[in-house]
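# Inside the fold
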Amino acid sequence: MAIAIISDIHGNLEALSTALDYIKKQGINEIYCLGDIVGYGPNPNECVEIVRQQCKVVLMGNHDYAAIGLARIEYFNEYAKRATYWTMDRLSQENYEFLKALPFMYQTDRMIMVHASPTNPEHWYYILSMSDAQMEMQSFKQNICFVGHSHVPVIFNQKAAIRDNISIEPNQKYIVNVGSIGQPRDGDPRLCFVIFEPDTGQINYVRLEYDIENTYQKIIKNGLPTFLAERLLKGY
Ligand code: ZN
């Protein structure tokens, strides 16, 4: 039975709804969310409520952590900082409690999932290079580690960085960055997530267009930084 792995929604309701509609149409009922449900985007509460209802597993992201007042946001850039304060002011008590209880990691015999890095999920390291990936691979025994955080879809095996759909080998290690639903940064503005077929080992990226214009207008109307709307159009 295939599973869907989504991450980095960032309060983008249009992108999240489009992704979940597609996942349902594929007959997939098991959805995993690797965190950053909020931050940057104009619909944090709506996105948290949908994820709460529809995802089997939800992990803590650094922007979720910031929105509940636990992260040191002096390291955030100006846009992220402003968006975090905006989100804090609006988060409902119920959603605040939900985010506060999120775990940093989920594991099975075959898979490990974190928002940022498996060596130290609470420190929000980025896995960007082959050497980062090789170092991180020493900290887990499973076949696959699914991550988000950088918003850039890529699969690392022990030898290379692959930017394509692949079928994974059972006796090797992989780190799979599933990309971002609500704020892709790989130059492609379409939302991004992964469908994994455990029986065959097939990992497929899904890219879908959504109503970016609507999200764009809501960001502006809510007084969030214009940059956060502009970047959605180009995917950076
Ligand atoms: Zn993120």
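Everything that follows concerns the structure shown earlier in this document.
What counts and how
- Residues numbered from 1 in each chain as written.
- Predicted model: local features only at pLDDT ≥ 70, side-chain atom pairs only at ≥ 80, totals over all residues.
- Heavy atoms only, no water.
- 1 Å grid on protein atoms, 1.4 Å probe; cavity = no way out; pocket = protein on both sides within 12 Å on 5 of 7 lines; lining within 4 Å.
- Points joined across faces, edges and corners; volume = space filled by probe spheres on them.
- Helix = DSSP H or I, 4+ residues; strand = E, 2+ residues; numbered from the N terminus.
- Nonpolar A, V, L, I, M, F, W, Y, C, P; charged D, E, K, R; others polar.
- Buried < 20%, exposed > 50% of the residue type's maximum accessible area, 1.4 Å probe, protein only.
- Arc of directions from axis to C-beta.
- Contact = heavy atoms within 4.5 Å.
- Pairing = 2+ DSSP bridges.
- Disulfide = S-S within 2.5 Å.

## Concerning the layout of surface pockets
A volume near 440 Å³ is recorded for the largest pocket. Lining of the largest pocket is provided by 21 residues; of these, Asn62, Tyr75, Phe76, Trp124 and Tyr126 occupy positions nearest its centre. Top element by residues in the lining of the largest pocket is helix H3 (residues 62-67). It accounts for 3 residues. Residue composition of the lining of the largest pocket, grouped by class: 9 nonpolar, 7 polar and 5 charged.

## Some points on helix H8 (residues 226-234)
The complete set of buried residues in H8 reads Leu228, Ala229, Arg231 and Leu232. Along H8, the residues classed as buried sweep out an arc of 165 degrees about the axis, all on the same side. Buried-residue contacts for H8 involve helix H4 (78-90) and helix H7 (212-221). Following H8 by one or two positions, Gly235 has its phi on the positive side, about 75 degrees.

## Brief notes about the environment of Asp21
Looking at the secondary structure, you find Asp21 in helix H1 (residues 13-25). Here Asp21 falls in the partly exposed class, since its relative accessible area comes to 44%.

## Considerations on the sheet that holds strand E5 (residues 111-114)
The sheet built from 6 strands is open, its strands ordered E4-E5-E6-E10-E7-E8 with mixed pairing. Both outer strands of the open sheet, strand E4 (105-107) and strand E8 (161-162), are each paired with one neighbouring strand and no more. Of the pairings in the sheet, the one linking strand E7 (residues 154-156) to E8 comprises 2 bridges and is antiparallel in character. Within the sheet, the bridge partner assigned to Phe156 lies in E8 and is Ala161.

## Describing the state of the cysteines
Summed over the entire model, instances satisfying the criterion amount to 0 disulfides. Here Cys33 stays free of any disulfide, with the sulfur of Cys55 as its closest cysteine sulfur at 5.1 Å. For Cys33, a relative accessible area of 0% puts it in the buried group. Not part of a disulfide, Cys192 finds its nearest cysteine sulfur in Cys33, a span of 14 Å. Judged by its relative accessible area of 1%, Cys192 falls in the buried class.

Keep in mind these numbers describe shape, not what the thing actually does.
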